[in-house]
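# Examination of the molecular architecture
Chain residues, written in single-letter form:
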Amino acid sequence: MAKGAVHITVERCKGCGICVEFCPTHVLGMSSAFNAKGYHPPFVVNGEKCSGCDLCGMYCPDFAIYGFKLPAPSVAGKAEGVKQ
Ligand code: SF4
Ligand code: SF4
């Protein structure tokens, strides 16, 4: 199960490919589709490999992508069982 997820704002993207190059687990690929500006945005190829490290977000010059950590299922399950 994926530890993280990535959000792409397709219309902000200028198609530089930096996020694809720098993702350490090869989550991203470049789409063959165009956005409204005429650039090819990235898309998620291997979502289950995303760690939520946000390297893509740190390198993107256009603030068009970011990664985030997902809550661990086991921790969430324990929290639900706690009586207060
Ligand atoms: S780094 Fe940003 S601008 Fe470049 S392809 Fe990725 S999302 Fe688009
Ligand atoms: S958050 Fe990290 S693992 Fe996920 S797509 Fe971005 S760089 Fe790759």
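This report concerns the structure included in the present document. Everything quoted here is computed from the prediction, not taken from an experiment. (Residues numbered from 1 in each chain as written. Chains lettered and ligands numbered in written order. Predicted model: local features only at pLDDT ≥ 70, side-chain atom pairs only at ≥ 80, totals over all residues.)

### Some points on the overall build of the chain
As a reminder, the rule being used: Numbering of helices and strands starts at the N terminus; helices are DSSP runs of H or I of at least 4 residues and strands are runs of E of at least 2. Every C-beta atom is placed from the backbone, and the number of other C-beta atoms within 10 Å of a residue's own sets its class: buried at 20 or more, exposed at 12 or fewer, partly exposed in between. Contacts here follow a simple rule: the backbone-placed C-beta atoms of the two residues must lie within 7 Å.
Across its full length, the chain carries three helices and four strands. Each helix (α) and strand (β) of the chain, taken in turn from the N terminus, gives the series β-α-β-β-α-β-α. Expressed as a percentage of the 84 residues in the chain, the buried residues total 17%. For the chain, contacts bridging at least 24 residues in sequence account for 58% of all contacts bridging at least 6.

### Side note on the site of ligand 2
The cut-off we apply is this: As a rule, any residue with its backbone-derived C-beta atom within 6 Å of a molecule or strand is reported as near that molecule or strand. Only Asp, Glu, Lys and Arg are considered charged in this grouping, and only Ala, Val, Leu, Ile, Met, Phe, Trp, Tyr, Cys and Pro are considered nonpolar; every other residue, Gly among them, is considered polar.
Within the structure, ligand 2 sits among 14 residues, and Cys23, Cys50, Cys53, Cys56 and Gly67 are positioned closest to it. Looking at the shell around ligand 2, the elements that each hand over two or more residues are strand S1 (4-8) and helix H2 (55-59). Class assignment for the residues of the shell around ligand 2 results in eight nonpolar, five polar and one charged.

### A short note on the site of ligand 1
Neighbouring ligand 1 are 13 residues; Cys13, Cys16, Cys19, Cys60 and Ala64 lie closest to it. When grouped by side-chain class, the residues that make up the shell around ligand 1 number nine nonpolar, two polar and two charged.

### What to know about the nonpolar core
The criterion, for reference: To count as a nonpolar core, a set of buried Ala, Val, Leu, Ile, Met, Phe, Trp, Tyr and Cys residues must be joined through C-beta atoms within 7 Å.
Grouped together as the largest cluster of nonpolar side chains are eleven residues: Val6, Cys13, Cys19, Cys23, Val27, Leu28, Cys50, Cys56, Cys60, Ala64 and Ile65. Ignoring any residue separated from it by four or fewer positions in sequence, one finds Cys50 in contact with Ala2, Gly4, Ala5, Val6, Thr25, Val27 and Gly67.

### Comments concerning unusual backbone geometry
Phi at His26 is positive, roughly 55°, even though this residue is not glycine. One can find His26 in the loop between helix H1 (18-22) and strand S2 (28-30). Positive phi outside glycine occurs at Phe63, with the angle close to 50°.

### Quick notes on the environment of Asn46
You can see Asn46 is positioned in the loop between strand S3 (42-44) and H2. Taking the C-beta count within 10 Å as the criterion, Asn46 has 13 such neighbours and is therefore assigned partly exposed. Measuring from C-alpha to C-alpha, the distance between Asn46 and His26 comes to 7.0 Å, with 20 residues separating the pair along the chain. If sequence neighbours within four positions are ignored, Asn46 has contacts with His26 and Val27.

### Let's talk about the environment of Phe34
Looking at where Phe34 falls in the secondary structure, it is placed in the loop between S2 and S3. Classification of Phe34 as exposed rests on a count of 12 C-beta atoms within 10 Å.

### What to know about the environment of Met58
When you line up the elements, Met58 lands in helix H2. For Met58, a count of 13 C-beta atoms within 10 Å gives the class partly exposed. Placed 36 residues apart in sequence, Met58 and Phe22 show a C-alpha to C-alpha distance of 10.0 Å.

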